[in-house]
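Architecture and fold: a report
Okay, here's what each chain looks like letter by letter:
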Amino acid sequence: MDPAPAGTAQSDHSGMNIIIVGAGEIGRHLAASLSREAHCISVIENDPVLADELEQSIDAKVVCSDGTSVSALLEAGVGECDLFLALTSSNTANLVSSSLAKNLGAPQVVCRVHPSLQREEFLFDFKKTFGVDHLFSSERLAAIELAKFIRNPDSLVVEEIARGRIELQQVEVDAKSDAVGKALKVLKAPERTRVAMISRGSTHLVPNAESVIEAGDIVTIFGEPRKLKTLAERLHRKGDGDAMRVVIFGGGEYGFSLAQMLEGSECRVRIFEEDENLCKSLVDRLSNTTVIHADATVVAELQEEQVDSAEFFVATSPRDEDNVMSCLQAHTLGVKTCLSLIHRADYADAISSSGKHFGVQAAVSPRDATRREIERFLTSDRFHLVKKLPGAEILEMRVSEGSIASGHMVKEVEWPAECILVGLLHGTHSDVPGPDDVLQTGDHVYAVVSPKARKAFVKLLG
C-alpha cells in the first residue's frame, strides 16, 4: 500500500474492505483512487452503463443494482466491510442505504448529502436517526476550500476541524504585535481560542502557559472562525481597511454556499448568474449579497459591473472551461486574485500548479475535497490523524465508555505535557473546550499532540 497521505493514519493491514454506493462523478473518482491503494472495493451502481464502464476500468467488484436494496448490500458484502460510503447525488438513496448498511453490520458509515440538508443538522439529528457516522456535502467542502483563500489572505495555512466549526490558522507574528514578549498565560486571547503550536526557525514547540511569543514566530491557532479572526489580526497586525470585494461567477449550490460563508466575514459579495429564476431565489436566500443577472463569460458584462475593482474573482459554474476562461478575462481586466472550481481533479492539479501564469491563484476540485474528507476514515487505528504539523500532529479520538476521561471535566483530567485540546464535538455542537466542559462517552476530542505525548493521550480516552 502507498504511504498514507497527509491527514490520514496508516492502517495496520494492507487495505480496507470498502463499499461505495453510486458511481457518479464523486463515487467513480473515489473508487478509482482507492482501488489503486490496495483497498478491496465493491461498488453498487444502478445504471448498467456506468456499472459496465466502471467494471472495465478499475479493479473492483461491481454490483449493478439499487443501493437501497438489502439483497444488493448483502451481495456486496456489507456485513464484512470496514467502511461504507453512500455517494450518490440523492439524499434519500444515501440516507436509506446508510441506515440499512449500519443495521446490517457496517462499522463505519459515511454519507454524502446535499448542502441544504447539512445546513439543517442543527434542527434534526440525521446521524443518530439514520445510523450515520459522518455526513458531508461535496459542494460545501469545495466552497470551504475556496473561502479559505478569501477570509484569511494573510494566513500561511488554513484548515478546518470538528466538521468545519473550528478553524486552524498559521500566522507569522508581526514585530509590532502587542503579543510579542508575552507568555501565553497573560496573552488574554479571545475566549475558546488556542495557541497550540509555536514554530521558531527549525524549532517547533507545543507550548504551555509559560511559553513566550516572539516576533517572527509562526503560530498555529485554533477557534471559531470569527473569534480566531480577532486573534490572527492581533498577531499579524493586519489593518482594518475596507471590506473585501468578492465577485462570484455562478449562483448554483457552490456559489451560493460560498456567498453564505462570506456574508459574515466582512466581505462585499456580488454573484453573477445568467438564470433569472435562480437569481430571484438567491435574492430570497442571501441577506447581504448583491445578485446580478448577467453572464460573467462576457467581457462587456464584467466591464459594465466594474469587476476590475474586486480583490477576488471566484468562478463556480458547472462548466470547467467557462470557469477558466472567465478567470482569465477577470485577470486581464485587473482583478488581483482569481480562484476557480474545477470538477476534474487532474485539471485542478494542473491549473493549481501553473495557473498563476494566467491569473488563476488556485483551483479547487470537489472530487479532491471529498477524497481528503474520506481519507481520515482509512485507518484501523483508534484515532484519526487529522493533520501532521512540524513536531506534532492533530488527532481526533472518540471518548470511549469507561475511559479515564469519560464523565470528568477537562480540568480534572491529568493531560500529558505537549498536549493541547483544540476541539470538542458533542452531538451537533462543537467548540474549543473550556476547563469546566465535561467529556462524555461518544464525544470526539481534537488535540495537538507531540509524538511522545500520543500514547498517554490515547490511553486517557481509549
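Here, every reference points to the structure presented above.
Everything in this summary refers to the structure shown in the same document. This structure is a prediction, so every number in the text was calculated from the model and none was measured.

Criteria and thresholds
- Residues numbered from 1 in each chain as written.
- Predicted model: local features only at pLDDT ≥ 70, side-chain atom pairs only at ≥ 80, totals over all residues.
- Heavy atoms only, no water.
- Phe/Tyr/Trp six-rings, centres within 6.5 Å; stacked < 30°, edge-to-face > 60°.
- Buried < 20%, exposed > 50% of the residue type's maximum accessible area, 1.4 Å probe, protein only.
- Lys NZ or Arg CZ within 6 Å of the ring centre and 35° of its normal.
- Pairing = 2+ DSSP bridges.
- Helix = DSSP H or I, 4+ residues; strand = E, 2+ residues; numbered from the N terminus.
- Axes fitted to C-alpha atoms, helices over the stretch in contact; angles between N-to-C directions.
- Contact = heavy atoms within 4.5 Å.
- Patch = residues over 30% accessible without salt bridge, like charges linked within 9 Å, V, L, I, M, F, W, Y side chains within 5 Å.
- Areas by Shrake-Rupley, 256 points an atom, 1.4 Å probe, with all protein chains shown as cover.
- Salt bridge = Lys/Arg side-chain N within 4 Å of Asp/Glu carboxyl O.
- Lys, Arg positive; Asp, Glu negative; His and termini not counted.
- Charge placed at Lys NZ, Arg CZ, Asp CG, Glu CD.

1. Structural notes on the packing of aromatic side chains
The description of an aromatic ring pair uses the distance of the two centres, along with the angle that the planes make with each other. Under the criterion given, the structure shown has two aromatic pairs. With 5.0 Å between their ring centres and 75° between their planes, Phe124 and Phe126 make a pair best called edge-to-face. The buried category is assigned to Phe126, whose relative accessible area is 11%. Just above the ring of Tyr347 sits the side chain of Arg344; from NZ or CZ to the centre is 4.1 Å.

2. Some thoughts on the sheet that holds strand E9 (residues 193-200)
One open sheet holds the five strands; their spatial order is E7-E8-E11-E9-E10, and the pairing between them is antiparallel. The sheet terminates laterally at strand E7 (157-161) and strand E10 (203-205), the two strands that pair on one side only. Here the average twist between neighbouring strands, direction ignored, is 20°. Where helix H7 (residues 138-151) meets the sheet, it contacts E7 and strand E8 (166-172), and its direction lies at approximately 135° from that of E7. Packing of helix H8 (residues 225-236) onto the sheet brings it into contact with E8, E9 and strand E11 (218-223), and relative to E8 it is tilted by some 5°.

3. A word on a negative patch on the surface
Residues Asp47, Asp52, Glu53 and Glu55 make up a contiguous surface patch of negative charge. On the secondary structure map, Glu55 appears in helix H2 (residues 48-57).

4. Structural notes on helix H1 (residues 25-35)
Counting buried residues along H1, nine of its eleven residues qualify, which places the element largely inside the surrounding structure. Of all the positions in H1, only Ile26, Gly27, His29, Leu30, Ala31, Ala32, Ser33, Leu34 and Ser35 are classed as buried.

5. Thoughts on the sheet that holds strand E20 (residues 419-426)
Here we have five strands laid out as an open sheet, ordered E18-E19-E22-E20-E21, and antiparallel in their pairing. Of all strands in the sheet, those bounded by a partner on one side alone are strand E18 (383-389) and strand E21 (429-431). Along the sheet, successive strands turn relative to each other by an average axial angle of 20°, direction set aside. Helix H15 (residues 454-461) contacts E18, strand E19 (392-398), E20 and strand E22 (444-449) of the sheet and is inclined by roughly 15° relative to E19.

6. Some thoughts on unusual backbone geometry
Unlike most non-glycine residues, Ala38 shows phi in positive territory, near 70°. With respect to the helices and strands, Ala38 occurs in the loop between H1 and strand E2 (40-45). Take Ala38: its relative accessible area is 44%, and that puts it in the partly exposed class. One non-glycine residue, Lys188, lies in the positive phi region at around 55°. Looking at the element boundaries, Lys188 is found in the loop between E8 and E9.

7. Digging into the environment of Gly250
Assignment of secondary structure puts Gly250 in the loop between strand E12 (244-249) and helix H9 (253-262). If near-sequence neighbours (up to four positions away) are discounted, Gly250 is found in contact with Gly255, Ile271, Phe272, Glu273 and Thr316.

8. Overview of the pattern of salt bridges
Note that side chains of opposite charge can pair when their charged atoms are close. Scanning all chains against the criterion turns up 22 salt bridges. As a salt-bridge pair, Arg200 and Asp217 come within 2.7 Å of each other at their nearest N and O atoms. Note that Arg200 is positioned in strand E9 and Asp217 in the loop between E10 and E11, a separation of 17 residues in sequence. What makes Arg200 partly exposed here is its relative accessible area of 34%. Note on Asp217: relative accessible area 1%, which makes it buried.

In short, geometric facts, not functional conclusions.
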